[in-house]
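Working through the structure, step by step
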Amino acid sequence: MSDLKVEDFCPFCCPSHNGGSTPIPTTGKTIFYTSSQQDKMAKMEVKTSLLDDMIGVGDMVLLEPLNEDSFINNLKKRFDHNEVYTYIGSVVISINPYRSLPIYTPEKVEEYRNRNFYELSPHIFALSDEAYRSLRDQDKDQCILITGESGAGKTEASKLVMSYVAAVCGKGAEVNQVKEQLLQSNPVLEAFGNAKTVRNDNSSRFGKYMDIEFDFKGDPLGGVISNYLLEKSRVVKQPRGERNFHIFYQILSGASEEFLCKLKLERDFSRYNYLGLDSARVNGVDDASNFRTVRNAMQIVGFMDHETQSVFEVVAAVLKLGNIEFKPESRANGLDESKIKDKNELKEICELTGIDQSVLERAFSFRTVEAKQEKVSTTLNVAQAYYARDALAKNLYSRLFSWLVTRINESIKAQTKVRKKVMGVLDIYGFEIFEDNSFEQFIINYCNEKLQQIFIELTLKEEQEEYIREGIEWTHIEYFNNAIICDLIENNQTGILAMLDEECLRPGTVTDETFLEKLNQVCATHQHFESRMSKCSRFLNDTSLPHSCFRIQHYAGKVMYQVEGFVDKNNDLLYRDLSQAMWKANHSLIKALFPEGNPAKINLKRPPTAGSQFKASVATLMKNLQTKNPNYIRCIKPNDKKAAHIFNEALVCHQIRYLGLLENVRVRRAGYAFRQPYEPCLERYKMLCKQTWPHWRGPARAGVEVLFNELGIPEEEFSFGRSKIFIRNPRTLFKLEDLRKQRLEDLATLIEKIYRGWKCRTRFLLMKKCQVVIASWYRRYSQQKKYQKIKSSAITVQSYIRGWKARKVLRELKHLKRCNEAATVIAAYWHGTQARRELKRLKEEARRKHAVAVIWAFWLGLKVRREYRKYFRANAGRKIYEFTLQRLMQKYFLEMKNKMPSLSPIDKNWPARPYLFLDSTHKELKRIFHLWRCKKYRDQFTDQQKLIYEEKLEASELFKDKKALYPASVGQPFQGAYLEISENPKYKKLKDAVDEKIIIAEVVNKINRANGKAASRIFLLTKNNVLLADQKSGTIKSEVPLGDVTKVSMSSQNDGFFAVHLKEGSEAASKGDFLLSSDHLIEMATKLYRTTLSQTKQKLNIEISDEFLVQFKQDKVCVKFIQGSQKNGNIPTCKRKNNRLLEVAVP
Ligand SMILES: Nc1ncnc2c1ncn2[C@@H]1O[C@H](COP(=O)(O)OP(=O)(O)OP(=O)(O)O)[C@@H](O)[C@H]1O
Ligand SMILES: [Mg+2]
């Protein structure tokens, strides 16, 4: 089972060919093209007629000679060369290759797309394209009639047609979905309606007619599927070597364990009585993967999950029904009864379908007959129970199948109400002859008879009509018309189906035998009916014909039908109890499948028999087909082995005969073997005549007439129709073709010649053009260069001239400027001269005036003095002088009074001197004023302050500019008693020992003369003594009268060291001089000096030097002050260097 999709279009392509395209034979010479051009042209060059490179004869109408052998040989030759399609006019003969051929690739689709039917070699795509274009462009509804016996390839052909149409029609998301749904309906229906038979591994067990609907643009809108009588007997029983419907095997192989468990199924086929075991597996068929394909297809078509689930539940229920077995049981009233052997299976079915177990059990045991409001219930014996079981299984399955078709139709139906164009594809079960043929084969073969009938009618009618339409004379051809066989079956009075219905509806005992008897009576004389017991004695001795059989001579051969089961199958009865039980099921799908089970809708009328139903639907189908433009695909089976490469001539011959293909050719050829509209004919052969080549301006028909006259074709060989030329003999056509081929070669040479000339000329022209272009470019370039040179020279000359001009102007301007400046300078000098002259004159004038005034004043003075001399004393001048001087002095002092500086002794301001002659006075005045204000300042002091200032003055005289420590001491007040000896009880002892007034009480460091280390001592200065006491205890360590202190030595630096030198020989001097250090050195030295002076009236010698000698006992040690060492920060350190040297490091 092939699963066709729009995308992966080719169902038969072997992988190696997928995507590739068949090499295209080329005609004509391709001598002077480059290889890439050749490739390109080879791709573009396709066959222009089926006559090109033909294997055998592509159209049987052209076959010469025409007889059965040549016909078969031609088919065989083509078959051997993988040419499986051959035409008879517009009919396609398709031979099943039984293998994948690379002729269905997308490239092939493109090749055949929009091409005329005879343009390319025969192909099913050509027919599909013709039908589709005629539907789209000419608005003609089409039908594709695919006929042939079982296994001949009808179903595959129908799928190819659908796929081709899907590939070439419009595209777009919506359209693609419609296409996909239409194509995906196939796998679903094939799974449920196809089965393996001895003739075909994927045999269609139902008839299918699908109307694909298109809009005015040729885009598919949707479709409608009609199904015809499913061979439901297969559900319960299959002939040897055959299988049940695919779906049963697919479900068991492909469903997951979980799903199987849900459906209460087991994977093992042998568990189910309804599955024929001898050929459960089919070579090359993967049921498991097909199951996945089916589920996927159901999803694409639009089945809901719960619907799919319900469908598989029904399938499972059917399968399980076959496992219900009955055993006989006798009742007391002697009636046979049956009983279910093992109720387990029944229970599971009921669980699966939601049917009450007791209801189903009762339906298998009783049969209720209702007649005129009376209900009679009878028990079922074992055989009847089995019959009921199988009937239920068959009905369930066939109704499920019909439901599937309805459901698919719901999904794929066109959504719009606009007018639609329709293309019908008929794929119906093929003609069948089995060993045992029953009612189903009878129905199937009847259907095929009808199709053959329509083929004959339409083909001949069409042919005949064409001749009439074209105004051509038509000669009648003999052919076998199977209308007589159709009549034997379907005649309303005497037809076999009518007999069967009559028998089924007749009261009384009706059996298959009574039916046969009836046939024997009614049809005995019919040419195509054969029976041993017929009134006609023709077959009395025919032992090959059993008594329980009748034989019909179908168009495709004789078929012997077993009469057994005809009545039952035609009745197709299902006990009402069963349909009611089904209706009661708690399963929406099963309930919907058995609407007649609803007690409210009981219909006592008998349903129409299967035969009459089928007859009616076939009649509707035929009517439908007749309204459409038919396109035929006649499928032929090359062998019975389902094998590739085998061409069984006898089998093919048989099919050719019964399909009436030879007659078909003859009919086609009786009039004219070949016909073609004038335009394509003229287009193809116009090169054979000078008048028509290369262009014919007039009507195409006139062109063809001129052409044929020119070629000298005898008049009896062709006829002019209204729109087509009809050629009687194929030889004429071949002659035309030969001439054309020859002419094409000549034309090729001509084209080659012209092409070469054209190419050389083109090249020459190109080169010439190039030369002109290059020359023009070069000229342009050189002129440009020249121009640029001239331009730059011009610019240079221009710039020089401009420069020269500019300089000239500049020069003139400069000259002008200089002239202006010179004029200005001259003017300035002139004005200056004038001004000076004027000034001089004015000065002169002023001097003169002054001189005049002075002279005048002197003169006046002189005059006055002369005048008044007698009145003045002789020293009046002196008095005037003194008076003037006094006036000036007075003025000076008065001014000074106002300008006096402040009274601060440090104010340095002093008014400037007004007159030079007062210089010394002014300085003196300043000195006096300063002294005066100092006095004023001093007068404010108390005695205490006076003393302090005296001391400070003393210190200044002693140390100013001598000792670096001095400036820091100026701001420090001299306190003297730094230690409160009298107040502090600690020093009570010391206070008691000193009864004099203490001038200084201070802690000093006494330097150890041996090692230079310091020890704290209290230094006391009294009126008469210097004392050193222990700091802690206050014990007096040394007491030196001031008269014994001879000298105090200290450094000039910033340290507090000082040595107190004692008088040699004095008592205190026994230990030697003191070397001390104090923070108030200046104060101490000053006070020591003043106290010594006041006591001894002698000035204490104070030596300031960085190196001095100190007496230690008998030795003199030099104390040397050096600067720089800063080991102890800012504190001076003292170190004994040797016996003679004590070094004091001062920071
Ligand atoms: N064009 C083809 N190319 C390759 N294989 C083909 C082709 N046509 C048919 N077959 C093979 O032949 C088998 C039978 O073909 P198909 O089912 O179409 O026969 P059918 O005429 O429909 O038979 P039935 O009447 O029993 O349904 C296919 O399963 C496929 O393997
Ligand atoms: Mg088929």
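See above for the structure.
Here the structure is a predicted model, which means the values were calculated and not measured.

What counts, and at which threshold
Every chain is numbered independently, its residues counted from 1 as its sequence is written. For naming, the first written chain is A and the first written ligand is 1, with later ones following in the order written. Given that this is a predicted model, residues contribute local features only at a pLDDT of at least 70 and side-chain atom pairs are listed and counted only at 80 or more, while totals for whole chains, interfaces and linings are drawn from all residues. Excluding hydrogens and water, the side-chain figures rest on all heavy atoms present in the structure. The salt bridge criterion pairs a side-chain nitrogen of Lys or Arg with a carboxyl oxygen of Asp or Glu, the two atoms within 4 Å. When a residue's accessible area, from a 1.4 Å probe over protein chains only, is under 20% of the maximum for its type it is buried; when over 50% it is exposed; and in between it is partly exposed. In this description, strands pair whenever DSSP reports at least two bridges between them. Secondary structure counts use DSSP, requiring at least four H or I residues in a row for a helix and at least two E residues in a row for a strand, with both numbered from the N terminus. Note on method: axes are straight lines fitted to C-alpha atoms, helices fitted across the in-contact stretch only, with angles between N-to-C directions ranging 0 to 180 degrees. Note on terminology: a nonpolar core comprises buried Ala, Val, Leu, Ile, Met, Phe, Trp, Tyr and Cys residues joined through side-chain atoms within 4.5 Å. Any residue with a non-hydrogen atom lying within 4 Å of a molecule or strand is treated as near it. For the purposes of these results, a polar contact is taken to be a pair of N or O atoms within 3.5 Å, where, inside protein, one atom must be able to donate a hydrogen and its partner to accept one; residues adjacent in sequence count only when each atom of the pair is a side-chain atom. Surface accessibility in these figures is a Shrake-Rupley result with a 1.4 Å probe; residues are shielded only by whichever protein chains are displayed. In this classification, Asp, Glu, Lys and Arg are treated as charged, Ala, Val, Leu, Ile, Met, Phe, Trp, Tyr, Cys and Pro as nonpolar, and every other residue, Gly included, as polar. For Na, K and Ca the donor cutoff is 3.2 Å, while for all other metals N, O and S atoms must lie within 2.8 Å; water is not among the atoms, so some sites may look incomplete. Ring geometry is summarised as follows: Phe, Tyr and Trp rings, the Trp one being its six-membered ring, pair when their centres sit within 6.5 Å, and such pairs are stacked at plane angles under 30 degrees, edge-to-face over 60 and tilted between the two.

Some words on the pattern of salt bridges
- Here the structure, examined in full by the defined rule, presents 63 salt bridges.
- As a salt-bridge pair, Glu 1143 and Lys 1137 come within 3.7 Å of each other at their nearest N and O atoms.
- For Glu 1143, a relative accessible area of 18% corresponds to the buried category.
- Within the structure, one salt-bridge network assembled from shared partners comprises Arg 205, Glu 231, Arg 234, Glu 242 and Glu 432.

Some words on the sheet that holds strand β29 (residues 1115-1123)
- The four strands lie next to each other as β28-β29-β31-β30, forming an open sheet whose pairing is mixed. Each having just a single partner strand, β28 (1107-1112) and β30 (1133-1138) make up the two edges of the open sheet. For this sheet, the mean angle separating the axes of adjacent strands, direction not counted, is 30 degrees.
- Here β29 runs beside strand β31 (residues 1141-1146); their pairing, made up of six bridges, is parallel. Looking at β31, one finds that Gln 1123 is bridged to Val 1146.

A few points about the nonpolar core
- The biggest cluster of nonpolar side chains holds 209 residues, and the ones touching the most others in it are Phe 71, Phe 192, Phe 248, Leu 360, Phe 364 and Phe 550.
- For this core, the leading source of residues is helix α14 (residues 382-412), giving 14 residues.
- Grouped together as the second largest cluster of nonpolar side chains are 32 residues, Leu 965, Ile 1082, Met 1084 and Ala 1085 included.

What to know about the site of ligand 1
- Surveying the vicinity of ligand 1 reveals 20 residues, the closest of which are Asn 96, Ser 150, Thr 155, Ser 203 and Ser 204.
- Taking Gly 151, its main chain carries an N or O atom lying 2.8 Å from an oxygen atom of ligand 1.
- Taking Asn 202, its main chain carries an N or O atom lying 3.4 Å from an oxygen atom of ligand 1.
- Summarising the interface, the protein chains cover 90% of the accessible area of ligand 1, which totals 620 Å² for the free molecule.
- For the shell around ligand 1, the element with the most residues is helix α5 (residues 154-168), which contributes three residues.
- Partitioning the shell around ligand 1 into residue classes produces six nonpolar, ten polar and four charged.

Looking at the coordination of the magnesium ion (ligand 2)
- Around the magnesium ion (ligand 2), the donor atoms from the protein are Thr 155 (OG1) and Ser 204 (OG), and they sit 1.9 to 2.1 Å away. With Thr 155 in helix α5 and Ser 204 in strand β5 (residues 203-204), this pair connects stretches of sequence that are 49 residues apart.
- By relative accessible area, Thr 155 is classed as buried at 12%.
- The buried category is assigned to Ser 204, whose relative accessible area is 9%.

Quick notes on the packing of aromatic side chains
- According to the stated counting rule, one finds 43 aromatic pairs in the structure shown.
- Arranged with centres 4.5 Å apart and planes meeting at 85 degrees, the rings of Phe 455 and Tyr 632 form a pair that is edge-to-face. With Phe 455 in helix α15 (residues 439-470) and Tyr 632 in strand β16 (residues 629-636), this residue pair connects regions lying 177 residues apart in the sequence. Residue Phe 455 shares its accessibility class with Tyr 632, and that shared class is buried.
- Ring geometry for Phe 941 against Tyr 949: centres 4.6 Å apart, planes inclined by 10 degrees, an arrangement best described as stacked.
- The class for Phe 941 is buried, based on a relative accessible area of 15%.

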